[in-house]
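The lines below spell out each chain.
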Amino acid sequence: MNSLTWLPFLPLLGTLIPLISARYSRTACAFLTAALPALTLFLILSHAGDIFQGELFQSAIPWIPAIGLELAFRLDGLALLFSILILGIGLLVILYARYYLSAKDSIGKFYAYLILFMFAMLGVVLSDNLIQLWFFWELTSISSFLLISFWGHKTEARKGARMALTVTGAGGLALLAGLLILGNTVGSFSLQDILDSGAFIKASSNYPVIVVLILLGAFTKSAQFPFHFWLPNAMAAPTPVSAYLHSATMVKAGIFLMARFYPALADTDLWFLIVSLTGLATFLMGAYIALFQHDLKGLLANSTISHLGLITLLLGMGTDLAAVAAIFHIINHAIFKASLFMAAGIIDHESGSRDMRQLNGLWKYMPYTATLAMVASASMAGVPLMNGFLSKEMFFTETLHQASLGSLSWFIPVLATLGGVFAVAYSMRFIHDVFFNGEPINLPKTPHEPPRYMRVPVEILVALCLLVGIFPGFMVGDLLFAAASATLNAQAPSYSLAIWHGFNFPLLMSVIALIGGLLMYHNRSHLFKFQAQFPKNDPKLAFEGVIQSLTVKAQRFISITENGSLQRYIFFALGLAVVMTASSLMKLNATAGQRPEIPVDAMSITAAVLLCISALATVLWHRRRIIALITLSVVGLIVSLAFAKFSAPDLALTQLSVEVVTVILLILALFFLPQKTPKESSPRRVVRDLSLAAFIGGVIGTICYALMTRPLDTISTFFTENSKTGGGGTNIVNVILVDFRGFDTLGEITVLGIAALGIYKLISRMRLYMPSSDGDGRPWSEDRYPIMLSVISQSLLPLALLVSAYIFLRGHNMPGGGFIAGLITSVAIIQQYVAHGVQWIKTRVKLDYQIMIGSGIGIATLSGLGSWAFGYTFLSSWFDYFYLPVIGKFELASAMMFDLGVFLTVVGATMLILANLGQLTTSERPVQKEHD
Amino acid sequence: MEGMYAFCVGLLTACGIFLTLRGRSFSVVIGLTLLSYAVNLFLFASGRLKLNAAAVLGQSEQYSDPLPQALVLTAIVIGFAMTAFVVILAMRARADLGNDHVDGVLPDQEGESSHKSGGNN
């Protein structure tokens, strides 16, 4: 079935609709929003018939099969049941929210979040891949965070949302770990493979870890004890959200997870112990706490926790019939609890309060709503003829058949009955306290019936309560059977959905629960007094406390490791780097390799000694900045000589010209920086840094030596062989730059351009510190530009440009090229700046260096694109030989165009940096008059 | 020759790193420049040292490895761009923060500066 692939994404598309349509009218927005979920529901229902016949629909699009990533969906009975709940109740909630939200609330945003959540939920239940399931699982956490915090101006909404996200998010991480271990154990992340290898998984040694981690995910999501506390706090959400997320869908995701992995993980002692005991504890605790809530939604939230515990308990029991009962109760609980939340929302909306101490006797004001709420409450209590009665009866039956606790097994039915007593009592409280019990006290509004259509969703759900309760087989028989079979991954056992099973134990338990509950409610004042003796403990405060202390600890840790000292960071980073390098270097047997060394000559020794002295002098005098700069430039000079000596003329030329530009730049920069460096390194730090530097230097030197004395297996033979025939040039280095690896060069000149533009922005509007004298207090010289330099440099300019043109043109065949020519041109222009000043140049030459950079990169890119026009790949070069009289035979290559781009970018970038910097020194220099 | 070359590379690295670890931005810039010399020489040496063997067809009997040369050529130019950027950044930091310390604030007066400075610092 191909439609299954895109079907879950229909709602995702739908998130845009409310955002767009919200500006028209609320009703239009609601109906348009409902369109896509309704369509999805229709399409899913169209497969229902086949699924009831036992068919399974699957679709998968592989993504990275090697690590089990795919987009895979499956539609079986369980997925069908949950899809119907998600989409069906979702549609009702959309209608309900249209009336619930006030005009101030942004309905478009609300619907968008809601539909996003719907999409996430649908993804969870339809996923056929573990990783994908987890992805959607997390998406439900995030979208529910957005929904709970919808009224973000309220503190409790923000806190509640954060708590829900923290708890369910942490559970989600545990789930991820569990799923990864599960997938690796089985060797597949496909859900079908997992379900089919249940026996293998249970026999695996990883089984306990898998179960605990996956259950952590399920329990946090489904608010099981001891993670239940987030759910009552999430009640700060708008009531439609509570009705949707916190009764029908999201909290059921944990239940769904347990049902989904039931064939793979359940039916062991470990599973029974954890799941059923957790469920039992949650069931009792939720029911007990619910009774003492004064907030209407608080009561419903705790009752939800209790019912989730009930379902968990059923899933833990390990019998097939218990699983059927669990599925049945999922349906029933979703129906009656959603309607109760909506009813609570109506009461809140029309009376302005949710406090049951104020809400009394509403029967007079809203009899119709009261009737609906009473029917739903009766279902919650498990009164016969309601759907809640049927599944509760099945639950009681199953507790009686439970023997896993040995001779203590009778505890389970007794405790189940006790939970039933509480359930009746709190349901009674919902009915009696709110609709009867005297007159309302201090309500902000006079209560009245809600708008007609706000009641419709409640009516539908309450009608379902009754219909399922009276005609269970007709209403949900097929669906239940299909879902139960999918849960068990086998044919579901035979069971009877009849209302009347004769006089038996379960019926007795129901009767005891009903009578006991009524008695308990009647004597509630004693219980309330008793409960008041307990110190109040607010889970919200405890949670906030934990979060705060975590934050404090984290900050303390950070302040230790990250104290803001850059020197320290660099030290540790370098230290780590050298340790990692050195450790692998120790595996090398000998430092020197087999390759014969070149004999040393006197010239080289002299240069090397000079280099070492200059480098050491730079370090020694680094606090006297101008001297350090001079010694540094000596080092650079010798480096370029070294390149020349060892057969790299291109490098020597480049290094030489870059050297000039760098030194000029640094001298200019020195003007704006303090003239001296204070002594501030402690001797300990000096020793520490020196040792690290020496160690790294030693390691690098060793690597360099080991590398050079070993034979070379080069890949450059290809370049040497194809340089002339393929690239049309004899200077292999240049051909590599503009042809073989032209793409790299294009990237590089782009970086150069970006750096220059970044510098341009940094320079503009800089607040400047400029000294009016040198370090020793002597004011700057007032001399104009020296005339000799001006004259000579002016006459040198054409010559320099000619040289750079020559270097550029010959670059393809002889040492030279765009980079070097660009640098030489820059040096020539800078010389003019130095000799004449910025203003002098500005009035004579109009050069826009930004445009130069742009056109350089543009030309280089275009020359690359040009090869597309002839059907070659990007940056393929073309060349041919031509003959002109006088000049003779010459070569034209498209690489030349590319090199022109390089040239322009280099000139533009260099000049943009230097000219702008230089301009600052001249135009804004403070002048100090010399005192006579 | 190789040993001497390697020694120079090691020394340049050590000098560069020591200066990079200093607290004032100009020292760091100088250190980075020294370090980039070392890196360029190191990369270049991965093509092995050869005398009189420029990678130009028809100019010599054998050719030195052109690939490291091409790499280093671009590295030199990028290195210039980086140095320029860092030095201007240092200027800007000094202009905006009022000092040229790499942390943006001067070290605690009672802390580092009260100690006597070491020999070559």
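Source: prediction; values computed, not measured.

### A short note on the overall build of chain A
Then comes step 1: Summing up its helical and strand segments, chain A has 40 helices and 4 strands in all.
Then comes step 2: Burial statistics for chain A: of 932 residues in total, 54% are counted as buried.
Then comes step 3: Accessible surface for chain A amounts to roughly 39800 Å². Of this, 68% is attributable to carbon and sulfur atoms.

### Re the pattern of salt bridges
All names here are of chain A.
Then comes step 1: For the structure shown, the criterion picks out 19 salt bridges over all chains.
Then comes step 2: Arg-455 serves as the salt-bridge partner of Glu-449, at 3.2 Å between the closest nitrogen and oxygen.
Then comes step 3: Each of the salt bridges in this network shares a partner with another, and the network as a whole consists of Arg-74, Asp-76, Asp-128 and Arg-260.

### Side note on the interface of chain A and chain B
Then comes step 1: In this assembly, 117 residues from chain A lie in contact with 90 residues from chain B.
Then comes step 2: Buried surface at the junction of chain A and chain B, summed over both partners, amounts to about 9600 Å²; 75% is from carbon and sulfur atoms.
Then comes step 3: Sorting the residues of chain A by area buried against chain B places A:Phe646, A:Glu680 and A:Met708 first, and these three jointly supply 8% of that buried surface.
Then comes step 4: Applying the counting rule to chain A against chain B returns 3 salt bridges.
Then comes step 5: A salt bridge links A:Arg625 to B:Asp100, with the shortest nitrogen-to-oxygen separation between them at 2.8 Å.
Then comes step 6: Here chain A and chain B share 22 residue pairs in polar contact (both at pLDDT 80 or more) between them.

### Considerations on the UniProt feature "transmembrane region" (unreviewed entry) in chain B
Residues and elements named next belong to chain B.
Then comes step 1: With numbering aligned to this structure, UniProt lists the feature "transmembrane region" (unreviewed entry) at residues 6-21, 28-47 and 67-91.
Then comes step 2: Note that residues 28-47 is 90% helix and 0% strand, and that its end C-alpha atoms are spaced 29 Å apart.
Then comes step 3: Split by type, residues 67-91 is 100% helix and 0% strand. Its first and last C-alpha atoms lie 36 Å apart.

### Describing the packing of helix α17 (residues 269-291) of chain A against helix α18 (residues 296-317) of chain A
Residue and element names in this part refer to chain A.
Then comes step 1: Running from N to C, α17 and α18 cross one another at 155°; their axes reach a closest spacing of 7 Å. With respect to α18, the axis of α17 lies roughly antiparallel. Here α17 runs over α18; the crossing is left-handed. Of the residues in α18, those touching α17 at Trp-271, Phe-272, Val-275, Ser-276, Gly-279, Leu-280, Thr-282, Phe-283, Gly-286, Ala-287, Ile-289 and Ala-290 are Leu-299, Asn-302, Ser-303, Ile-305, Ser-306, Gly-309, Leu-310, Thr-312, Leu-313, Leu-315, Gly-316 and Met-317.
Then comes step 2: Within the contact of α17 with α18, the residues separate by chemical class into 14 nonpolar, 10 polar and no charged.

### Re helix α24 (residues 472-488) of chain A
Residues and elements named next belong to chain A.
Then comes step 1: Taking 1.5 Å as the rise per residue, α24 with 17 residues should run 24 Å; its terminal C-alpha atoms sit only 21 Å apart, a clear shortfall.
Then comes step 2: Of all the bends in α24, the greatest measures close to 30° and is centred on Asp-478.
Then comes step 3: Along α24, 12 of the 17 residues are buried, which leaves the element largely enclosed by surrounding structure.
Then comes step 4: Taken together, the buried positions of α24 are occupied by Pro-472, Val-476, Gly-477, Leu-479, Leu-480, Ala-482, Ala-483, Ala-484, Ser-485, Ala-486, Thr-487 and Leu-488.
Then comes step 5: At the C-terminal side of α24, Asn-489 shows a positive phi close to 60°.

### Considering a nonpolar patch on the surface
Then comes step 1: Together, A:Ile787, A:Met788, A:Val791, A:Ile792, A:Leu796, A:Leu799 and A:Leu802 give the surface a local cluster of nonpolar side chains, amounting to about 740 Å² of exposed area.
Then comes step 2: With respect to the element layout, A:Leu796 can be found in helix α36 (residues 787-810).

### As for the environment of A:Phe874
Then comes step 1: Residue position: A:Phe874 is located in the loop between α39 (849-869) and β3 (879-884).
Then comes step 2: For the pair A:Phe874 and A:Ser863, spaced 11 residues apart in sequence, the C-alpha separation works out to 8.9 Å.

### Concerning the side chain of A:Glu748
Then comes step 1: Locating A:Glu748 in the fold gives a position in helix α35 (residues 742-763).
Then comes step 2: Although A:Glu748 is buried, it forms no salt bridge, and the closest oppositely charged side chain is A:Arg741 at an N-O distance of 11 Å.
Then comes step 3: Dropping the residues within four chain positions of it, A:Glu748 is found in contact with A:Phe819, B:Thr74, B:Val77 and B:Ile78.

### Re the packing of aromatic side chains
All names here are of chain A.
Then comes step 1: What the rule picks out here adds up to 28 aromatic pairs over all chains.
Then comes step 2: Where Phe-119 meets Phe-136, the ring centres are 5.4 Å apart and the plane angle is 80°; that geometry is what we call edge-to-face. Remark: Phe-136 occurs in helix α8 (residues 130-148) and Phe-119 occurs in helix α7 (residues 107-126); sequence separation between them is 17 residues.
Then comes step 3: Between Phe-718 and Phe-719, the aromatic rings sit 5.6 Å apart at their centres with planes inclined by 75°, giving edge-to-face as the arrangement.

### Quick word on unusual backbone geometry
Then comes step 1: Following A:Phe225, the chain continues into A:Pro226 via a peptide bond in cis, with omega recorded as 0°.
Then comes step 2: Summarising the element assignment, A:Pro226 is placed in the loop between α12 (207-221) and α13 (230-233).
Then comes step 3: For A:Asn489, which is not glycine, the phi torsion reads 60° and is therefore positive.
Then comes step 4: Of note, the phi angle at B:Asn52 is positive, near 50°, even though the residue is not glycine.

### A word on the pairing of strand β1 (residues 57-64) of chain A
All names here are of chain A.
Then comes step 1: Summarising the sheet, β1 and strand β2 (residues 69-75) pair through 7 bridges and their orientation is antiparallel. Paired with Phe-57 across the bridge in β2 is Leu-75.
Then comes step 2: Connecting β1 to the next strand, β2, in antiparallel fashion are 4 residues, including Gly-68 with a positive phi near 75°.

### Some points on helix α4 (residues 26-45) of chain A
Residues and elements named next belong to chain A.
Then comes step 1: Over its 20 residues, α4 extends 28 Å from the first C-alpha to the last, a length consistent with the 28 Å expected when each residue adds 1.5 Å.
Then comes step 2: Of all bends in α4, the biggest is about 30°, found at Ala-35, and the proline Pro-37 comes one to four residues later.
Then comes step 3: Listed in full, the buried residues belonging to α4 are Cys-29, Ala-30, Thr-33, Ala-34, Leu-36, Pro-37, Thr-40, Leu-41 and Ile-44.
Then comes step 4: Of the surrounding elements, those touching the buried residues of α4 are α2 (9-14), α3 (16-21), α5 (48-52), β2, α6 (77-100) and α7.

### Let's talk about the packing of α12(A) against α17(A)
Residues and elements named next belong to chain A.
Then comes step 1: For the pair α12 and α17, the least separation of the axes is 10 Å and the interaxial angle reads 20°. Overall, the two elements α12 and α17 adopt an arrangement that is roughly parallel. Considering the relative orientation of α12 and α17, their crossing is right-handed. Facing α12, whose interface residues are Tyr-207, Pro-208, Val-211, Val-212, Leu-215 and Phe-219, α17 presents Leu-270, Trp-271, Ile-274, Val-275 and Thr-278.
Then comes step 2: Considering only residue class, the contact of α12 with α17 consists of 10 nonpolar, 1 polar and no charged.

### A few points about the environment of A:Leu405
Residue and element names in this part refer to chain A.
Then comes step 1: Within the element layout of this structure, Leu-405 appears in the loop between α21 (387-400) and α22 (411-435).
Then comes step 2: Under the relative-accessibility criterion, Leu-405 is labelled partly exposed at 30%.
Then comes step 3: Measuring from C-alpha to C-alpha, the distance between Leu-405 and Leu-273 comes to 9.2 Å, with 132 residues separating the pair along the chain.
Then comes step 4: Apart from the residues lying within four places of it in its own chain, the contact partners of Leu-405 are Phe-272 and Ile-412.

Reading guide: rules and limits
- Sequence order as written defines residue numbering, which begins from 1 separately in each chain.
- Written order determines the labels here, with chains lettered from A and ligands numbered from 1.
- Where totals are concerned, whole chains, interfaces and linings use all residues; where local detail is concerned, this predicted model gives features only for residues with pLDDT of at least 70, and gives and counts side-chain atom pairs only at 80 or more.
- Just so you know, side-chain values use all the structure's heavy atoms and leave hydrogens and water out.
- A run of H or I in DSSP becomes a helix once it reaches four residues, and a run of E becomes a strand once it reaches two; helices and strands are each numbered from the N terminus.
- Categorising residues by exposure relies on relative accessible area from a 1.4 Å probe, with only protein chains included: less than 20% of the type maximum marks a residue as buried, more than 50% marks it as exposed, and the intermediate range marks it as partly exposed.
- Residue-level accessible areas treat just the shown protein chains as cover; the underlying method is Shrake-Rupley with a 1.4 Å probe.
- Basic side-chain nitrogens of Lys or Arg form a salt bridge, by our definition, when they fall within 4 Å of a carboxyl oxygen of Asp or Glu.
- Between two residues, a contact is recorded if the distance between any of their heavy atoms is within 4.5 Å.
- Once two parts are put together, the accessible area they lose, assessed with a 1.4 Å probe and summed over both, is termed the buried area.
- Polar contact is defined as a pair of N or O atoms within 3.5 Å, subject to the rule that within protein one atom must be able to donate a hydrogen and the other to accept it, and that residues adjacent in sequence are counted only when both atoms are side-chain atoms.
- UniProt positions are given in the numbering used here, feature names are shortened, and annotations may be inferred rather than shown by experiment.
- Axis lines are fitted through C-alpha atoms, for helices just across the contact stretch, and the angle between N-to-C directions can take any value from 0 to 180 degrees.
- Angle categories are assigned with fixed cut-offs, so that under 35 degrees is roughly parallel, over 145 is roughly antiparallel, 65 to 115 is roughly perpendicular, and the rest are oblique.
- Each crossing gets its hand from how the near helix is turned against the far one by less than a right angle, where anticlockwise is left-handed and clockwise is right-handed.
- Throughout this entry, Asp, Glu, Lys and Arg are counted as charged residues, while Ala, Val, Leu, Ile, Met, Phe, Trp, Tyr, Cys and Pro are counted as nonpolar. The remaining residues, Gly among them, count as polar.
- Given the number of residues in a helix, its expected span is that number minus one, multiplied by 1.5 Å.
- Throughout, bend refers to the angle between the axes fitted to the seven residues that end at a position and the seven residues that start at it.
- Only residues above 30% relative accessible area that lack a salt bridge enter a patch, with like-charged residues linked at up to 9 Å and the nonpolar side chains Val, Leu, Ile, Met, Phe, Trp and Tyr linked at up to 5 Å.
- Positive charge is attributed to Lys and Arg, negative charge to Asp and Glu, and no charge count is given to His or to the chain ends.
- Two rings from Phe, Tyr or Trp (for Trp, the six-membered ring) form a pair when their centres sit within 6.5 Å of each other. Planes less than 30 degrees apart are called stacked, planes more than 60 degrees apart edge-to-face, and all others tilted.
- A pair of strands is treated as paired once DSSP finds two or more bridges between them.

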